[in-house]
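As a plain string of letters, each chain reads:
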Amino acid sequence: MYGPDFPFAYDDWLQHPAGLGSVPARWHGTPVAVVGGGISGLVAAYELMRLGLRPVLYEAGELGGRMRSVPFEANPEFAAEMGAMRFPVGATSLFHYIDALGLRTRPFPNPLSPQTSSTMVHLGGEQHLARTLEDLPAVYQEVADAWDKTLREQAELVVMEDSVRRRDAPVLKAVWNRMVRTLDDQSFYGFLAASPYFRSFRHREIFGQVGFGTGGWDTDFPNSILEVLRVVFTGADQDQVSIVGGTRRLTQGLWSLAAGRTAHWPAGTTVAELHGGRPRPAVTGMRRVAGGVAIEDADRVVETYPAVVFTPHVWTLLNRIDCDPALLSVPHWTAVERTHYMGASKLFVLTDRPFWLDRDPCTGQDRMSMTLSDRMPRGVYLFDEGPDRPGVICLSYTWNDDSLKFATLSTEDRLEVLLAKLGEIYPDVNLRKHITGPPVSVTWETEPLFMGAFKANLPGQYRYQRRLFTHFMQDDFAPEERGLFLSGDDVSWTAGFAEGAVTTALNAVWGVVRHLGGSSHPANPGPGDVFEAIAPIPLPEE
C-alpha cells in the first residue's frame, strides 16, 4: 500500500538493519504515554520500547481496538471478527509484524474470489449464482467493464498502478497531485455519473449494490472520489487474507512480543512486562503543563509525559476526554471536528458445521453461498475450517444507512430479521437448526469509544486530512504545541485499513524521537527526514 499522498517505503524502513533511529541516552527509560491499545498504539508502544523509552499504554476497553475478536459462547475456540477481518497482502508494514509473530494467514472468501465456493447475487428480486464474473448475466460484465474503462480513462489507472508497483515516487506524485487539485471536490457518485461509461442509472445502481472484488460500493457514493482511488491504486481491495486464529493473535502477540535488539532494556523485554501484565486505565483528561502533557486516568492518577502518542478516533478528544484547548492548534481542532466517520454493523453466528457446502440434490449447487444482496443482509460471509469442524457465518455486514437500520434492534431481534430475509433468498435452507448458541453483533457508530467504523473524507475535506496526517511534523509548531502526536487509521490516508494505523504509528514514533532530540540513522532516513520531497500537496486555503 505504497500510497500516492505520501509514498514512503515504511516496510523498507522497518526492515533496515540500522533500525528506526535513536534518542540521547539521557532519555533512556523515560516514560512516553501511548493512548489507546489498538494496532496503532501497540505498534507505537513496541517500537518506542525498542528505542529505549518506556511506553505507558492507556486503554479504556480491551486491547485490540477495532481488531475485536469475540469468542462464541457455545465454543470459545471460535471467534467473530467484529472489526478488521481482511487484510490486503500489499499491507507490507502490517505484515512486518504478522511475520514477526509467525502468524499464518488464509485467503479471505470475498465474492467471486477463487477461494469462495460460490457467490449468490440477489438484486431487484432476481437471483444469480456464480463462481466467476462470467457466470453472471451480461449486464454485470458491462458494469465491470464500465468501471475499468472509467478508471483507465478518467483516473490514469495504468500509470498509477505501474508507478505504485515500481515505487516511482516522482511519477506517482506528479499524477496524483494533479488529481487532488481537480477531484477533491468531487464525490464518488459524481465521478461515476460524469463518466460516459456510466450514463445508465441501472449500471450505476448495479455497481453500487454489487461492485466487484470486495462487494458493493454505494455506501461510499457520498464520499470523496479520492478516498476510493487510494484504495484502487494501492490494491487494497484485492488479494485479501484473514489471520488464522483471529486478529486477537496479532494484537495480543504485539503486547507480549519479545524485543530483539534494544537501546536500553534487556533482550526479550515485552510491552506487557513493562506494564505488569495490564495497561493503564482509560484516559479522562489531557492538558499541557510545564514539562509536557499531563494525563489523568480513570483512577484519578495524573502523570506528566514529555511526549504522548494519541491513537484512538480523534472524535474522542471532543467528548470522551476532558481536553485542554491548547493541546492542538485551532486549525487542527477544526480538522478533528470535521472528521467524517463511516458506520458499520455485523452479526455473526456459530454453526454446527459448514452445511452450506452440502449439495442441493435437485440442482447440484451449494446449499448456500457467499451472498450479496440489495436487501437488509447486504453481505453474508461464510467461514469454515473443514467439514467436521464448526462453521462461522457473518449473517450481515452493512455500512452507513444500512447499518443504522440495525442500530435500534437488539442482537436477538437482528437475528430474527436476518433469518426471515435470508429465508426469502434460500427458502429450502433451515438456517436456524444449524446455529449453535447465541449470536454476537456490533454497531460501531453506537460504540461509545469509537462512534464509527472508520474515517472517510467527504468532498472538499482533503485539507483537513492533510492537517491530521502531517501532525507528526512539528518543527514549525510553536513550542507549546509540540509533544502530542496523533496516529491511527483515521489520521492516515487509507482509513479503515490496519496498514494506515501501523504507518501513522511509525510517523508518531519518528516524531517522538525528533522531539526528544534524537534522529534516524543516516543510512535509514525516516518519514520526517524525507518529508519535503514527498509531502502531501497543500491546497490553497483562500
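Right above here is the structure, for reference.
Please read these numbers as outputs of a predicted model, since none were measured by experiment.

Focus on the environment of valine 241
For step 1, the next point in the chain: By the element assignment, valine 241 lies in strand S9 (residues 240-243).
For step 2, the next point in the chain: Owing to a relative accessible area of 9%, valine 241 belongs among the buried residues under this scheme.
For step 3, the next point in the chain: C-alpha separation for the pair valine 241 and threonine 262, spaced 21 residues apart in sequence, amounts to 31 Å.
For step 4, the next point in the chain: Beyond its immediate chain neighbours, meaning those up to four positions away, valine 241 contacts Met85, Arg86, Phe87, Val89, Phe95, Thr105, Arg106, Pro107 and Phe108.

Some words on the pattern of salt bridges
For step 1, the next point in the chain: For the coordinates displayed, the defined rule picks out 31 salt bridges.
For step 2, the next point in the chain: Of the charged contacts in the structure, one is a salt bridge between aspartate 366 and arginine 131, with a shortest N-O distance of 3.9 Å. With aspartate 366 in the loop between strand S16 (344-351) and strand S17 (370-373) and arginine 131 in the loop between strand S8 (126-130) and helix H4 (138-154), the pair connects residues that are 235 residues apart, well separated along the chain.
For step 3, the next point in the chain: Ionic pairing is found between arginine 467 and glutamate 541, a salt bridge with its closest N-O pair at 3.2 Å. Placement of arginine 467 in helix H17 (residues 462-469) and of glutamate 541 in the segment after helix H19 (531-534) is noted, with a sequence separation of 74 residues between them.
For step 4, the next point in the chain: In this structure, a network of salt bridges that share partners links the residues Asp5, Glu227, Arg230 and Lys455.

Regarding the packing of aromatic side chains
We describe a pair of aromatic rings using the distance from one ring centre to the other and the angle between the two ring planes.
For step 1, the next point in the chain: Tallied over the full model, the rule gives 28 aromatic pairs.
For step 2, the next point in the chain: With a centroid separation of 6.2 Å and an interplanar angle of 85°, the aromatic rings of phenylalanine 188 and phenylalanine 207 are classed as edge-to-face. Of the two residues, phenylalanine 188 sits in helix H7 (residues 188-193) while phenylalanine 207 sits in helix H8 (residues 201-209), which places them 19 residues apart along the sequence.
For step 3, the next point in the chain: Residue classification places phenylalanine 188 among the buried positions, given a relative accessible area of 0%.
For step 4, the next point in the chain: Where phenylalanine 472 meets tryptophan 510, the ring centres are 6.1 Å apart and the plane angle is 85°; that geometry is what we call edge-to-face. Of the two residues, phenylalanine 472 is situated in the loop between H17 and strand S22 (484-486) and tryptophan 510 in helix H18 (residues 498-515); the sequence distance between them amounts to 38 residues.
For step 5, the next point in the chain: Taking the relative accessible area as the measure of exposure, phenylalanine 472 reaches 2% and is therefore buried.
For step 6, the next point in the chain: Given a relative accessible area of 6%, tryptophan 510 falls into the buried group.

Regarding the side chain of aspartate 490
For step 1, the next point in the chain: With respect to the helices and strands, the residue aspartate 490 is situated in the loop between S22 and H18.
For step 2, the next point in the chain: The charged side chain of aspartate 490 is buried without a salt bridge, its nearest counter-charge being arginine 66 at 5.9 Å.
For step 3, the next point in the chain: Those residues within four positions of aspartate 490 in sequence are excluded, and the remaining contacts are Pro312, His313, Val314, Tyr341, Lys455, Gln465 and Ala495.

Comments concerning the packing of H4 against H8
For step 1, the next point in the chain: Between H4 and H8, whose axes approach to 10 Å, the crossing angle comes to 85°. Judged by the inter-axis angle, H4 sits roughly perpendicular to H8. Contacts between H4 and H8 involve Val139, Tyr140, Glu142, Val143 and Trp147 on the former and, on the latter, His203, Ile206 and Phe207.
For step 2, the next point in the chain: Residue composition of the contact of H4 with H8, grouped by class: 6 nonpolar, 1 polar and 1 charged.

Quick notes on the rules
- In this convention, every chain numbers its residues from 1, walking through the sequence in written order.
- Local features in this predicted model are restricted to residues whose pLDDT is 70 or higher, and side-chain atom pairs enter the listing and the counts only when it is 80 or higher, whereas totals over whole chains, interfaces and linings include all residues.
- Based on all heavy atoms of the structure, the side-chain values leave hydrogens and waters out of the count.
- Labels follow the DSSP assignment, with helices taken as runs of H or I lasting at least four residues and strands as runs of E lasting at least two, numbered in each case from the N terminus.
- Relative accessible area decides the class of each residue, using a 1.4 Å probe on protein chains only: under 20% of the type maximum gives buried, over 50% gives exposed, and in between gives partly exposed.
- Here, residues are in contact when the closest pair of their heavy atoms is within 4.5 Å.
- By salt bridge we mean one thing: a side-chain nitrogen of Lys or Arg within 4 Å of a carboxyl oxygen of Asp or Glu.
- Under the pairing criterion, centres of Phe, Tyr and Trp rings, with the six-membered ring standing for Trp, must be within 6.5 Å; the plane angle then separates stacked pairs below 30 degrees from edge-to-face pairs above 60, leaving the rest tilted.
- Note on charges: Lys and Arg go in the positive column, Asp and Glu in the negative column, and His and the chain ends are not counted at all.
- For helices, the fitted line uses only the C-alpha atoms of the stretch in contact; every axis is such a line through C-alpha atoms, and the angle between N-to-C directions lies from 0 to 180 degrees.
- Comment on the angle field: the value is read as roughly parallel under 35 degrees, roughly antiparallel over 145, roughly perpendicular from 65 to 115, and oblique elsewhere.
- When residues are sorted by character, Ala, Val, Leu, Ile, Met, Phe, Trp, Tyr, Cys and Pro go into the nonpolar class, Asp, Glu, Lys and Arg into the charged class, and all the rest, Gly among them, into the polar class.

All we've got here are geometric facts, nothing functional implied.
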